[in-house]
Amino acid sequence: MPPSLLVPENDPSVLFTTAGMQQFKRFYLKPDLAPAKKVITIQPCFRTSDIDEVGDKSHLTLFEMLGNFTFGFTESERGSTRIATRIDADKNQPYFKKEAIEMAWEFLTDEKWLGLDKKNLSATFFEGNGVLTRDDQSEEILKTLTGLEKIEAQDQDENFWGPTGLEGPCGPTVEFHYDGLEVWNLVFNEYYFAENNYQPLEYKGVDTGAGLERLLVIINKLDDVYQTDILNPLVNIVAQSGIKNSRDQRIVADHIKAAIFAIADGVMPSNKDAGYVVRRLIRRSMIISGDASLDLFAKLIQGTIEIYGSDYPHVKTVDLSIINNEVNRWQPIKIKGEKIIDSWAASGENITGKMAFDLYQSHGFPIELTKELARQRQIEINEEDFWKEFESHKEISRAGVEGKFKGGLAGHSEIETRYHTAAHLLLQALRDLLGEKIFQRGSNITPERMRFDFSCPRALTEEELAEVEAKVNEKITEGLPVGCEEMTQAEAQKKGAVGIFKERYGEKVKIYTIGHCDKPYSMEFCGGPHVENTKEIGQLKIIKEQSAGAGIRRIRAVLK
Ligand code: ALA
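Trainee: Tell me about the overall build of the chain, residues and numbers included.
Mentor: Secondary structure assignment for the chain yields 16 helices and 15 strands. Over its C-alpha atoms the chain spans a radius of gyration of 26 Å, differing by no more than 12% from the 24 Å that the globule rule assigns to 560 residues. By principal-axis analysis of the C-alpha atoms, the chain measures approximately 75 × 70 × 45 Å. Counting over 560 residues, the chain shows a buried share of 52%.

Below is the structure:
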């Protein structure tokens, strides 16, 4: 299945997609919803928790996680005939510990597959705690693997995974390590965690995570992930820009690449939530690269597109101007922040948590930078209090996110259906005028009006808005038929449909076309519903155009 977006769409309890299983959380509860009992993905994962370790041998902000997943296993599934046999790859049957562990071992060690030396591999399993039982089953299965010599029990910190966010499936893990480096994590989801309580799950499932970059290190006998051919070219670009320190080189390569992937998935740099993380990645890179930033970031975008453009075509849509805006925006903030901290230093004041938080809140000054500047000026900073302020603020903004989420659920009255179709025409009219780099970044429809967000580095002129409005109304007047067709993502992409990469589940996608089928005017991935003929829409009037964050514009329009 295709990977999900880096920002999960229906899970306000997390900022980013940190693991392959996240888009499948509900399938562990309700396996019948899953398109298959066995699924594999390659999931770009974004881990803010690892940012401080970036630059060492094995941690990255963004990495690709290889995963195989299964849902809906029950003990009765393991009929007497199946326990001893390898699962049949063609059958749509769930599996559990025995099969998962054996397949992992075979894949890691067999000459047919990775062919790793068994002597360098070790395994760990969950030793249990007061509440959760020791995973004896996995231990027994590990003991049957030929050539595996080191098996160790470990505690919950090491060998228990999940849930992501506040609640969800979770369970004991079996990990394989190569020369001490974790390369393979099997999570046996047998519990559901909610309200401080682990409930056994009715259906059990497996969630695997294997870091692509780490596997490359081992297979190609490298020292660390930054030497792999998916990162080394980026590190070289940074080195050529004159940055000498090798850890700094790696940090900039990692951060800008992660920012590019996030932006490609619609996360624009901003002052809150995921957008703020992206902003921090860019700002930390700017602190390191100084005056070279603009030129260097342009080269890194180019380099990232060269490496990833064919596998992740949407990275090609990332516009340099979004990052340029960040660089330009940062200069005055940096000067202002330095001045404020200088004045604190001059009066001999130390920085309280509240002062640091205000600097962050009102000037977008990340704590890392405040720390860096405080250190240069030899004044103290109360970081603990900063984080307390930060946490209490986060609770408030989380409540905000949930509120927004509820408000965003669209109804499907007739008038809203008309707005939906009008949104397709609007996107196409914008693309006609401004080019194919324009993508929809969100929309909100009520019976009274529509709000439409799209990627665009600058404001539109009045003439341009008039032209877009006229184009939409022209297409309405033409009375074009609206059709819907189901096809695979690949077919849709080939036909030039817009918005494909946002699709998360399953093979087939719904494509709505507006216009005559040999030469449709608009062709867009969408769940519907839509009118049957554009005549039904009425007339569109653009009321306002404004900014909706860096690199995003918002149009408000009404139908008459
Ligand atoms: N979800 C598991 C992990 O992230 C596989 O390690």
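Trainee: Please provide a residue-by-residue account of the pattern of salt bridges, values included.
Mentor: Per the counting criterion, the structure on display carries 23 salt bridges. The salt bridge partner of Arg250 is Asp224, with a shortest N-O separation of 2.8 Å. One end of the pair, Arg250, is in helix α7 (residues 246-264); the other, Asp224, is in the loop between α5 (212-219) and α6 (232-240), and 26 residues separate them in sequence. Each member of the pair, Arg250 as well as Asp224, carries the same accessibility label: buried. One connected set of salt bridges, linked through shared partners, spans Arg134, Asp136, Glu139, Glu140 and Lys143.

Trainee: Which residues make up the site of the ligand, and what values go with them?
Mentor: Around the ligand, the structure places Ala19, Arg47, Met65, Trp161, Asn185, Val187, Asp207, Thr208 and Gly209. Here Arg47 contributes a side-chain N or O atom positioned 2.8 Å from an oxygen atom of the ligand. Residue Asp207 places a side-chain N or O atom 2.8 Å away from a nitrogen atom belonging to the ligand. For the ligand, whose accessible area on its own is 210 Å², the fraction buried by protein is 95%. Listing elements by their share of the shell around the ligand, those giving two or more residues are β7 (181-194) and β8 (197-211). When residues in the shell around the ligand are grouped by element, the largest group, three residues, is from β8. Class assignment of the residues belonging to the shell around the ligand gives a composition of four nonpolar, three polar and two charged.

The rules behind the values
Residues numbered from 1 in each chain as written. Predicted model: local features only at pLDDT ≥ 70, side-chain atom pairs only at ≥ 80, totals over all residues. Heavy atoms only, no water. Helix = DSSP H or I, 4+ residues; strand = E, 2+ residues; numbered from the N terminus. Rg over C-alpha atoms; globule rule 2.2 N^0.38 Å. Buried < 20%, exposed > 50% of the residue type's maximum accessible area, 1.4 Å probe, protein only. Salt bridge = Lys/Arg side-chain N within 4 Å of Asp/Glu carboxyl O. Near = heavy atom within 4 Å. Polar contact = N/O pair within 3.5 Å; in protein donor to acceptor, adjacent residues only side chain to side chain. Areas by Shrake-Rupley, 256 points an atom, 1.4 Å probe, with all protein chains shown as cover. Nonpolar A, V, L, I, M, F, W, Y, C, P; charged D, E, K, R; others polar.

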